[in-house]
Amino acid sequence: MTEALLQAILSGLAVGGAYALVALGFSITFTTTKTLNFSHGEFVSAGAFIGMSALFLVLGLPVTSTTFGQALPGSGAQLLALAAALGIMGLLGWLLYAIGVRPFAGRPGMAWVMSTLGFGVILQSIGLAIWGPKPVVVPGPLGDAVIRVLGVGVRPQELLTLGVAVVIMIGFDFVMNKTMVGKAMRAVAANGNVASLMGINTNAVMIGAFVISSALAGLSGFLLAPIAQASLFMGLTVGLKGFSGAMIGGLSNPRGCVIGGFVLGVLESLVNLWQAQWREVAVFALVILVLAFRPTGLFGKKLVEKV
Amino acid sequence: MKRSQHLVGVVLVAAGLIGVTSLFGNDYYLRIVFMMCVYYLCAAGMNVLVGYAGQKSLGQAGLFAAGAYAVALLTTRTEMNPWLALLLAAAISGVCGVLIALPSLRVKGPYLAMVTLAFGIVVEKLVGEWTEVFGGAQGIYGIKALTWNDQPLTTEQWVWLAIIFCAVTHLLLRNLLQGRFGRALQSLQADEIASSSVGVRVYRAKVIAFVIAAVTCGIAGALVAQQNQYINSDFITFHLSIFVLLLVLFGGAGSQYGPLVGTVVLTVIDAALSRWPSAQHFLYGFLLLFALYVMPGGVTGLLSKWFRRSADEPETSNASAAPTRIGPEGQGGELLVVKGVTKNFGGVKPAQDVSFRLQRGHIHALIGPNGAGKSTMINMLTGLIDPTEGSIQFLGQEVSGRPVHSICCMGMGRTFQNLRLFADLSVLDNVMLGRHSRMTNGFIASLLALPGARKQEAATRARALQLLDLVGLLHLAHHPAGSLPYGLQRRVELARALATEPQLLLLDEPAAGLNPQETAELGQLLLRIGKCGVSILMVEHHMDLVMSISHHVIVLDYGIKIAEGKPAEVQANPRVVEAYLGVDEPEEEAYAAAA
C-alpha cells in the first residue's frame, strides 16, 4: 500500500513538473501582457511533435512517419531535438503574439481569447493532416530501464522531467529577482506605460514573454512525450491542468504557479489510484474550491479595482 | 419594427420553411436543416451570454451533453414519456448552467473563460470514461424519440418541430433582450461597478444569462439524442464548444440576427467540408483567429455598417411644464448619519473616525486637498468599499455591509469621478438603465412580454426622456453615450443617477474638466435638482461652485474631518486655510536650517 502511494506521489511529481512548466508559461504572459494563451495546450502537443519530427529527421526517417520501430536516437539526437523544439516553439510564440495578441491586447472584449484559441486549432489541424490522430510512442533519452528508488520503480524520464522542471523554476526565479532583465519584466508587469517611460522596450519584453512561455510549453511537451506517448490531443488536458495549477497557486505569482502545478500533479495521481474517471472532476473541484475562497489563488495578490 | 409585425413575420418565415422542407423529400437535406435548427438554438442562447452579458463560455459542449445524456438516461432507464424527458433535460441543463455560473460570482474575464473550458473538458472526460453510466464510445442505444399520436416523429416532422422551437426561442429571447433584462446584461458587460451602482443585481443577471444559454443548449442536445435515438461520447468534443461560440461571433455577437446568420453560413460550410475534417477544423481556427480582427461585429456588424440607416429622428420635448418631482416632498430631518467611520488600506488611512450628518433638502459639499479621502467616503456610502469601523445610517437603516445595488434601491444615486458610462449604449438607454431598480417587471413577464412589462417599459422611457430634458440633452438621446463630448457625458451620468429616483445624490467631482461657463451652468442645474426633492452631497474642487450653491460644507484632510459648517464659516476657519495653503511656521524654517 505505502509502495503504491509512494509510486503515485513520485509519478505525480513528475507529471506535476510538466504542469508547473505550463503554469509558469501562463503566469509569464499574464503578468506582462494581461493576456493568456488559450492554445497553450496545443503548444504542448506541438512541442512534443516538433521534438519527435527532429528525431525522425536525425534518424533518417520521413517526418510524416508515425513510429520509431527499432530505431533508438542517441543523446546527441535528443539534444538536437530539444533545441529544435525550444527554438521553433519560441518562434511560434512570437508569431502568436504578432498576429493573435498584439492587435487585441488591452482592448475590451477579450478578442484575444478567440484568436489564441483559433491559433491552437490551426496548429492542431495541421498536425492532424500530417500525422493523423494516433498517438506515437517516443523513446526517452535515458532509456526505459526502470530505476528503483526506495523500493519503488521509477522511469528515468519521470526523474528527468522532475529534475528539469525544478532546475528551470530555480533559474527563472533567479533571473526574475536578481537580474536587470527580470526587473524589466516585472516593471512591465506592474505598469507597462510607466515602464516604457523609463526606457524599457515594453514591446520587446512582451514578445519575450510569449517566446519564453511558448518555449516552456514546448519543453513540457517534449518531456512528457516519452512518458505518456505523443498525441495531438494530449495538450488540451495538460494545458488545462497547467492553468488549474496556476489558478490554485495564483496567476500573478510565478512561485505559486509552480507549487500549484506540483500539487495538482500529485493530487491527480492519487485520485487515479482510486478511480480514474474522477481524476478531472477532482482537479476541477479543487480549482472551484480555491476560487471560491481565494479568487486570486493561494499565493496571488489581491486585485483592487480603482473607482 | 412593431412587435405584432415582427411576430407575423416570424410566423410567416417559419411556415414558409416548413412548407419548403416538406417538398425536400431528401433525408440528407432534411438532416442539414435539422442540424441548422439545433445549432441555432445553441447560438441563440449563447448570444445572450456572449453578446449581451459579455461572458465568454468555452464549455457549451458540456451543457449539450447534459441535455443529451439526461434524455438518454431518463428514457432508457425509466419508462418516462419522451416529452417529459425533454422538459426535464432542459431543467437539468439549466441546473448545470447555474453550476458553471457559480465561479462567475468570484472570477472574471479570462479566468471565467478557462473555468467554463474546464467544465466542458471534465464533462467530455466523464462521459467518455465513466462507461458504466454513460456508455463511453459505445454510447447509449434505444433512446425514445418524441412521439405524435403515439407514433415516433418522421424526419420531416422532426425538422418542423425544430423550426417551431427556433421560432419560439427567437421570439422569447427578443422580448427579453429588448427590455429591462437586455439593457441590464449589456450594462454589466460594459462596466459592472457602474451597473451595480444603478441598481442592477449583477450576479443574478449573470446567472440568468448562463442559465438561458444552458437551457437552449441542453434542449439542442436532447433533440439530437432523441432524433438519433442514440448518443455517444464522440458527440461531446471541445470542437463543439468552439463551434457554438464561433456561430455567435461569426454571425455577430450582441445582434439580434447574428446567431441566425452565423448558423446558416457555418452549418452549410460545415456540411460541405464534412468529408475533410482537418480542413473543417483549420477553417474554424482561421475564422477564430481573423474574423474578429477583420469584422469585430461579425457578419451582421459588417452588413449594418454598409446599410446604416440615417440617424434616428431627435426626440422632441413632451415633458410637462411643472418641475419634475424626483424625491419625496418636505424639508428637514436627518437623511444620512455617519458615525465614527474609519477605513484602513494597510498603512493608508483615508478615513479616521469621521462623523457627520446630512439634512434632507440641503446641498452638502465635501471638500479637502488631494488624498483627503473624499472619494473613499463616497465609495463607502454607496457600498463599494466597506468601512473598517463605524456606522453609516441612511434613512435610519444601516448601510455598511449591504450590496451596492440594494443601497441604490434604498435611494442613494451617484456619479463617478472618472465617468463610468455605458459607452456603447445610447444616451437614452443609459438613463433608462438608471430606472432599472424601479421597474418591477420580473423575468417571466419580460420573457412573455406581458402587458405589465410593456407598460413599465413605456413609463421608463417617458421618464428617461423627461430627465434628459431636465439636463438639456434630449436632442442627443439616440447617440451612443461614448461619442458625446466630456462635459455632456457628465450630464448624462447625472441624468442616469437621477433616474434611480434618489433621495440623496452623491456627486464625485461633477465639475471636473468643465470650463467656467459649464461650471456655472452645472451650479444652476444642481440647484434645480435640489428643488426636485433630491438632497445632494458633492465632492468638488471648484471653490466658487461649492461656496455659491452649498448649504453646508464638510472638510476632510488626510482622512480626518477638520471642519464643517456654513460655507462662509468654513472659509474663515484657520485649520482649513492651513490644510489648503500650509502655514508659515517659524519652526519649519528652523528645521530646514538645522537639516
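Keep in mind the model is a prediction, meaning the values are calculated, not measured.

Attention shifts here to the overall build of chain B. Along chain B, the regular secondary structure elements total 25 helices and 14 strands. Taking the principal axes of the C-alpha coordinates as reference, chain B spans close to 95 × 60 × 45 Å. For chain B, long-range pairs separated by at least 24 residues make up 76% of all intrachain contacts whose partners lie at least 6 apart in sequence.

Turning next to the overall build of chain A. Scanning chain A from terminus to terminus reveals eleven helices and two strands. Starting at the N terminus and walking to the C terminus, you meet the elements of chain A as α-α-α-α-β-β-α-α-α-α-α-α-α. Relative to a compact globule of 307 residues, whose C-alpha radius of gyration would be 19 Å, chain A shows 19 Å and is just as compact. Viewed in the frame of its principal axes, chain A has a C-alpha envelope of about 60 × 45 × 35 Å. The long-range share in chain A, meaning contacts at least 24 apart out of those at least 6 apart in sequence, stands at 74%.

Attention shifts here to the interface of chain A and chain B. Counting from both sides, the interface comprises 35 residues of chain A and, opposite them, 35 residues of chain B. Within the residue set of the side of chain A that touches chain B, elements represented by two or more residues are α4 (111-131), α9 (234-249) and α11 (279-293) of chain A. Sort the elements by how many residues they give to the side of chain A that touches chain B and α4 of chain A lands first, with 13 residues. For the side of chain A that touches chain B, a count of residues per class yields 25 nonpolar, eight polar and two charged.

A few words now on helix α17 (residues 427-434) of chain B. Residues and elements named next belong to chain B. By the criterion of burial, α17 is predominantly enclosed, with eight of the eight residues buried. Of all the residues in α17, the buried ones are Val427, Leu428, Asp429, Asn430, Val431, Met432, Leu433 and Gly434. Where α17 is buried, its residues contact α8 (180-190), α19 (451-470) and α20 (486-499).

Moving on to the nonpolar core. Residue and element names in this part refer to chain B. Counting 290 residues, the largest nonpolar core has Val38, Cys42, Ala68, Val71, Ala209, Leu246 and Leu468 as the members making the most contacts within it. Per-domain counts for this core show at least three residues from each of domain 1 (30-240) and domain 2 (334-592). Discounting residues that sit within four places of it in the chain, Leu246 has contacts with Leu266, Tyr284, Leu287 and Leu288.

Turning our attention to the sheet that holds strand β14 (residues 560-565) of chain B. Residues and elements named next belong to chain B. Strand order in the open sheet formed by six strands is β10-β11-β12-β7-β13-β14, with mixed pairing between adjacent strands. The sheet is open, and its two borders are formed by β10 (412-414) and β14, each paired with just one other strand. Taking each pair of neighbouring strands and ignoring which way they run, the sheet shows an average axis angle of 20°. Across four bridges, strand β7 (residues 363-367) lies against strand β12 (residues 535-539) in parallel orientation. Looking at β12, one finds that Ile363 is bridged to Ile536.

Looking now at the packing of helix α1 (residues 2-33) of chain A against helix α8 (residues 202-228) of chain A. Residues and elements named next belong to chain A. At a closest axis distance of 9 Å, the pairing of α1 and α8 adopts a crossing angle of 170°. Here α1 lies roughly antiparallel to α8, going by the angle between them. Crossing geometry of α1 relative to α8 is assigned as left-handed. Tallied by class, the residues present in the contact of α1 with α8 amount to 17 nonpolar, six polar and no charged.

This part covers the sheet that holds strand β9 (residues 397-398) of chain B. Residue and element names in this part refer to chain B. With antiparallel pairing, four strands are arranged side by side in an open sheet as β6-β5-β8-β9. Two strands lie at the open edges of the sheet, namely β6 (348-359) and β9, each paired on one side alone. Where strand β5 (residues 334-345) lies against strand β8 (residues 389-394), five bridges are found, and the strand directions are antiparallel. Looking at the pairing, Val338 lines up with Ile392 of β8. Against the sheet, helix α15 (residues 374-381) engages β5, β6 and β8, with an angle of about 65° to β6.

The terminal C-alpha atoms of helix α5 (residues 109-129) of chain B, which comprises 21 residues, lie 30 Å apart, in line with the 30 Å expected from a rise of 1.5 Å per residue. Burial within α5 of chain B is extensive, with 18 of its 21 residues counted as buried.

The subject of this paragraph is the pairing of β6 of chain B. Residue and element names in this part refer to chain B. Two elements, β5 and β6, share seven bridges in a ladder whose sense is antiparallel. Bridge pairing in β6 links Val341 to Val354. Linkage of β5 to β6, two consecutive antiparallel strands, is achieved through a turn of two residues, within which Gly346 is found at a positive phi near 60°.

So, about the confidence of the model for chain B. In this model, chain B carries a mean pLDDT of 87, and residues with pLDDT of at least 70 account for 94%. Across the interfaces of the predicted complex, the ipTM metric reaches 0.83, alongside a pTM of 0.88.

Residues and elements named next belong to chain B. According to the domain assignment, chain B consists of domain 1 (30-240) and domain 2 (334-592). For domain 1 versus domain 2, the separation of C-alpha centres amounts to 42 Å. Counting from both sides, the interface comprises 21 residues of domain 1 and, opposite them, 30 residues of domain 2. Of all the secondary-structure elements, those providing two or more residues to the side of domain 1 that touches domain 2 are α7 (155-177), α8 and α9 (192-197). Among the elements that make up the side of domain 1 that touches domain 2, the one with the highest residue count is α8 (seven residues). Among the residues forming the side of domain 1 that touches domain 2, the class breakdown is ten nonpolar, seven polar and four charged.

A few words on the packing of helix α2 (residues 40-58) of chain A against α4 of chain A. Residues and elements named next belong to chain A. The geometry of α2 relative to α4 is characterised by a closest axis approach of 9 Å and an angle of 35° between their N-to-C directions. Handedness of the crossing formed by α2 with α4: left-handed. Listed contacts from α4 to Gly41, Glu42, Ser45, Ala46 and Phe49 of α2 are Gly120, Leu123, Gln124, Gly127 and Trp131. Its residues assigned to classes, the contact of α2 with α4 comprises four nonpolar, five polar and one charged.

Moving on: unusual backbone geometry. The backbone phi angle of Gln229 of chain A is positive, close to 70°, even though this residue is not glycine. A positive phi angle, close to 45°, is found at Tyr558 of chain B, a residue other than glycine. By the secondary structure assignment, Tyr558 of chain B is in the loop between β13 (552-557) and β14.

Another aspect to go through is the environment of Leu146 of chain B. Residue and element names in this part refer to chain B. Examined against the element boundaries, Leu146 turns out to sit in the loop between β1 (140-141) and β2 (147-148). In this structure, the C-alpha to C-alpha distance between Leu146 and Arg463, residues 317 residues apart in sequence, is 49 Å. Setting aside residues no more than four positions away along its own chain, Leu146 makes contact with Pro82, Trp83, Leu86, Leu153 and Gln226.

Sheet faces and side chains relate simply in a regular strand, where the side chains alternate between the two faces. Residues and elements named next belong to chain B. With two bridges joining them, β8 and β9 adopt antiparallel strand pairing. Its bridge partner lying in β9, Gln393 is registered against Glu398. Counted along the chain from β8 to the antiparallel partner β9, the turn is two residues long, and its residue Leu395 has a positive phi close to 55°.

Below, the discussion takes up the environment of Val58 of chain A. Residues and elements named next belong to chain A. For Val58, the position within the fold is in helix α2. On the basis of neighbour counts, which here come to 17 C-beta atoms within 10 Å, the residue Val58 falls in the partly exposed class. Sequence-wise, Val58 and Asn193 are 135 residues apart; in three dimensions their C-alpha atoms are separated by 46 Å. Setting aside anything within four residues of it in sequence, one finds Val58 in contact with Pro73, Ala77 and Leu80.

Conventions adopted
Residues numbered from 1 in each chain as written. Chains lettered and ligands numbered in written order. Predicted model: local features only at pLDDT ≥ 70, side-chain atom pairs only at ≥ 80, totals over all residues. Helix = DSSP H or I, 4+ residues; strand = E, 2+ residues; numbered from the N terminus. Contact = placed C-beta atoms within 7 Å. Rg over C-alpha atoms; globule rule 2.2 N^0.38 Å. Nonpolar A, V, L, I, M, F, W, Y, C, P; charged D, E, K, R; others polar. Buried ≥ 20, exposed ≤ 12 C-beta atoms within 10 Å, placed from the backbone. Core = buried A, V, L, I, M, F, W, Y, C linked by C-beta atoms within 7 Å. Domains from an automatic or database assignment. Pairing = 2+ DSSP bridges. Axes fitted to C-alpha atoms, helices over the stretch in contact; angles between N-to-C directions. Parallel < 35°, antiparallel > 145°, perpendicular 65-115°, else oblique. Left-handed = near helix turned anticlockwise from the far one by under 90°. Expected span 1.5 Å × (residues − 1). pLDDT = per-residue confidence, 0-100.

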